[in-house]
Amino acid sequence: MSEKYDVAVIGGGVVGSAIARELSRYTLKVAVIERAADVARGTSGKNSGVVHTGINVPHGSVKAKYNVAGARMFEEYCADLDVPFKRVGKVIVALTEAEVPDLAGLKARGEANGVPDLEIIDRATLKKMEPNIEGAGALNVPTAAIACPYSLTIALAESATASGVDFKLNSPVVGIAGTEGAFEIETPDETISAGLIVNSAGLNSDKIARMTGVNRWRIWPCRGEYIILDKRVGGLINSMVYPVPPKGGAGLGIHITPTTDGNILLGPSADYTNDGDDVRTTAKIRRQLLSEASEFLPGLTPRDVITAYSGMRPKLVPSKVGGFGDFVIEEVPEAPGVMQLVGIESPGLTAAPAIAEKVSDWVRERISTEANPGFQKKWSSVHRTREDTLSIVDSLIAEDPDYGEIVCRCEMVTKREIVDAINNKLDATSLNAIKYRSRATMGRCQGGFCGPRIVDLLLENGKSPESITLNGGDSWLFLGTTEDLRTERKAQRASQKSGATSSAKKVGAK
Ligand SMILES: Cc1cc2nc3c(=O)[nH]c(=O)nc-3n(C[C@H](O)[C@H](O)[C@H](O)COP(=O)(O)OP(=O)(O)OC[C@H]3O[C@@H](n4cnc5c(N)ncnc54)[C@H](O)[C@@H]3O)c2cc1C
């Protein structure tokens, strides 16, 4: 039995991590229980990275409230946590004249939600703003922004850890017993005691709710595949390019989104599936994404694609029903002491800072606290030398020569940055933990060059070959030494030979 926590947050996505960081402002004992080997390995690491303004959500909905509030907090949030953020704006493009009247409806809804500076622009103005984009007109949304979603989640979790929160990685919650003030949360390795629970388990939030005795919700996973384009074509757009949303569709339609690192994302598709962990990518959708995006941005080719990924929407509405499903952010009578966060699909990234504030208020209505003198408001996970001027790089190299050694050539990541990523605050040591903190292996060659070098650095920094995984669990990189393998093969051959000899003897004996 571990020590008792005031609050246990289940799920280390952007929402759970934002809540942990918000609670770490106060003298509370907080644990975050995450089943994966690192934070941001679920939906929070695999989305469009858009800080939505609130234009796509119905006025008066819970989504609208938290979306608009979160968007207002986002820029300062990213500045405090040294997370890439760019206010690039968005154009929602009517591909044909027939779609132009829809823009007025979108504008009206945005204005009702308090989105400023919306403007319908004609074909010529669109061409001036986005010379490579085809369209009959557009709604210009200049306040829309992009941020790096996994960097944000990691920075939130690391700053919360530095402020005293315990992150328990590799800890899937398998059962919950007890009542408010005395919950017992079971994982394969330990039982964690807590007074209050926050259920922010994303795609499994319905299952966690059931463990707390609440049977109200069912999550319907809906996969969204993306392809990532090479930075070589990153300059083809200046802002995000969205279509007019498909009516009754599961998402906002396939859009063209710049990333804070200079790539372009095409996606996401929308396919319901029975398995929330089935984040496969497919050749069929890859072709579809390229072909649909080419209607707006002609001339894209398969050679522009460097890789693909997919994220899973935790939908509260099944595909047969379709349409709008609102966020659930409430404590329900069947489970006092549990804040249920269910169906936190898009715009959950944008809404995370506001949801965290709401949950912090809920906790502090129940537990009296004081300000935590150790709260780390400012945090920087891993420095980004690639964004520095040459004179800054020179001074960094004077401080530590490892800043002068480039390990990932595609993304210009130095040895020092990789070593800092290895020694991260959460002690997450998979190759993906290093990738998502430093950007190493994210470029055109996808780790073909720097992958082995990163393994060397892991070994130099005290990790054993057997402990190195791609993504935690049993995704080991090494299964033994070549010498072990040779000995094993030799033994196998010898036993086959003796088997063959003894059966030959038996045959001969007949
Ligand atoms: C295709 C796509 C595009 C999107 N684009 C945007 C966008 O541009 N802008 C925007 O604002 N939002 C966007 N979203 C929505 C946004 O990504 C999510 O709302 C947000 O990431 C939800 O965060 P979360 O922390 O609730 O969930 P998650 O990130 O899923 O985190 C939940 C965590 O709980 C853990 N967990 C699950 N079960 C257990 C268990 N039993 N025990 C312990 N831990 C458990 C998981 O491993 C996971 O880490 C998009 C979503 C998708 C799918």
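Residues numbered from 1 in each chain as written. Predicted model: local features only at pLDDT ≥ 70, side-chain atom pairs only at ≥ 80, totals over all residues.

Caption draft 1: Up close: the overall build of the chain. On a plain count of helices and strands, the chain comes out with 13 helices and 22 strands. Computed over C-alpha atoms, the radius of gyration of the chain comes to 25 Å, within 12% of the 24 Å expected from 2.2 N^0.38 for 510 residues, which places it in the range of a compact globule. For the chain, the C-alpha atoms occupy an extent of roughly 90 × 65 × 60 Å along the three principal directions. Within the chain, the fraction of its 510 residues that count as buried is 47%. Here the analysis covers contacts within the chain between residues at least 6 apart in sequence; of these, 74% occur between residues at least 24 apart. (Helix = DSSP H or I, 4+ residues; strand = E, 2+ residues; numbered from the N terminus. Rg over C-alpha atoms; globule rule 2.2 N^0.38 Å. Buried ≥ 20, exposed ≤ 12 C-beta atoms within 10 Å, placed from the backbone. Contact = placed C-beta atoms within 7 Å.)

Caption draft 2: Quick look at the site of the ligand. For the ligand, the set of nearby residues contains 39 residues, the closest of which are G11, G13, G202, G224 and G348. Within the residue set of the shell around the ligand, elements represented by two or more residues are helix 1 (14-23), strand 18 (305-315) and helix 8 (348-366). The residue inventory of the shell around the ligand, partitioned by class, reads 15 nonpolar, 19 polar and five charged. (Near = placed C-beta within 6 Å. Nonpolar A, V, L, I, M, F, W, Y, C, P; charged D, E, K, R; others polar.)

Caption draft 3: Expanded view of the domain arrangement of the chain. Annotation of the chain at the domain level lists domain 1 (1-84 + 145-217 + 320-381) and domain 2 (385-467). With centres defined by C-alpha atoms, the gap from domain 1 to domain 2 works out at 29 Å. In this complex, domain 1 contributes 14 residues to the contact, which on the side of domain 2 involves nine residues. The greatest single-element share of the side of domain 1 that touches domain 2, amounting to six residues, is contributed by helix 5 (residues 149-162). Of the residues in the side of domain 1 that touches domain 2, the class split is nine nonpolar, three polar and two charged. (Domains from an automatic or database assignment.)

Caption draft 4: The packing of helix 10 (residues 415-422) against helix 12 (residues 451-460), seen in detail. Between helix 10 and helix 12, the shortest axis-to-axis distance is 10 Å and the interhelical angle comes to 55°. The orientation of helix 10 relative to helix 12 falls into the category oblique. Here helix 10 runs over helix 12; the crossing is right-handed. Here K415, I418, V419 and I422 of helix 10 lie close against helix 12, whose contacting residues are I454, L457 and L458. (Axes fitted to C-alpha atoms, helices over the stretch in contact; angles between N-to-C directions. Parallel < 35°, antiparallel > 145°, perpendicular 65-115°, else oblique. Left-handed = near helix turned anticlockwise from the far one by under 90°.)

Caption draft 5: Highlighting the environment of A352. Turning to its location among the elements, A352 is positioned in helix 8. Judged by the 31 C-beta atoms lying within 10 Å of it, A352 is buried. For A352 and K128, which are 224 residues apart along the polypeptide, the C-alpha to C-alpha distance reads 35 Å. What A352 contacts, discounting residues up to four positions off in sequence, is V14, V15, A18 and G70.

Caption draft 6: Helix 3 (residues 100-112), seen in detail. When we look at burial in helix 3, the residues that qualify are L103, L106 and G110. End-on view of helix 3: buried residues confined to an arc of 65°, all on one side of the axis. Across from the buried face of helix 3, at angles greater than 90 degrees, the exposed residues are P101, A104, G105 and A108. The elements touched by buried residues of helix 3 are strand 5 (90-94), strand 6 (119-122) and strand 7 (137-141). Where helix 3 ends, the next residue or the one after it, G114, has phi of about 85°, a positive value. (Arc of directions from axis to C-beta.)

Caption draft 7: Focus on the sheet that holds strand 8 (residues 145-147). Ordered in space as 3-8-4, the three strands form an open sheet in which the pairing is antiparallel. Among the strands making up the open sheet, the edge pair consists of strand 3 (50-51) and strand 4 (85-86). Examined bridge by bridge, strand 3 and strand 8 share two bridges and lie antiparallel to one another. Each bridged residue has a counterpart across the sheet, and for V50 the counterpart in strand 8 is I146. (Pairing = 2+ DSSP bridges.)

Caption draft 8: Layout of unusual backbone geometry. In this model, G267 is joined to P268 through a cis peptide bond whose omega is 0°. Examined against the element boundaries, P268 turns out to sit in the loop between strand 16 (264-267) and strand 17 (271-272). Cis geometry marks the peptide bond from S346 to P347; its omega dihedral reads 5°. Relative to the helices and strands, P347 is located in the loop between strand 20 (338-342) and helix 8. Positioned with a positive phi, T441 is a non-glycine residue whose angle comes to about 80°. For T441, the location among the structural elements is in the loop between helix 11 (431-438) and helix 12.

Caption draft 9: Up close: the nonpolar core. With 140 residues, the main nonpolar core has V7, A8 and I355 as its most contacted residues. With eight residues, the single largest contributor to this core is helix 8. Residue contributions to this core reach at least three from each of two domains, namely domain 1 (1-84 + 145-217 + 320-381) and domain 2 (385-467). Aside from chain neighbours lying at most four places away, what touches V7 is L23, L28, V30, A194, G195, L196, V198 and V363. (Core = buried A, V, L, I, M, F, W, Y, C linked by C-beta atoms within 7 Å.)

Caption draft 10: Local environment of helix 12. Every buried residue of helix 12 is listed here: I454, L457 and L458. For helix 12, the angular spread of the buried residues around the axis is 105°, confining them to a single face. Exposed residues pointing more than 90 degrees away from the buried face of helix 12 are listed as P452, D456, L459 and E460. Residues of helix 12 that are buried sit in contact with strand 21 (406-408), helix 10 and helix 11.

Caption draft 11: Expanded view of the pairing of strand 5. Counted residue by residue, strand 5 has five buried out of five residues, so it is predominantly covered. Alternating positions in strand 5 separate into two faces, K90, I92 and A94 on one and V91 and V93 on the other, with burial throughout. Bridge count for strand 5 against strand 7 is five bridges, and the pairing is antiparallel. Within the sheet, the bridge partner assigned to I92 lies in strand 7 and is L139. In the sheet, strand 5 pairs with strand 14 (residues 240-243) via four bridges, with the strands oriented parallel. Along strand 14, the bridge assignment pairs V91 with V241.

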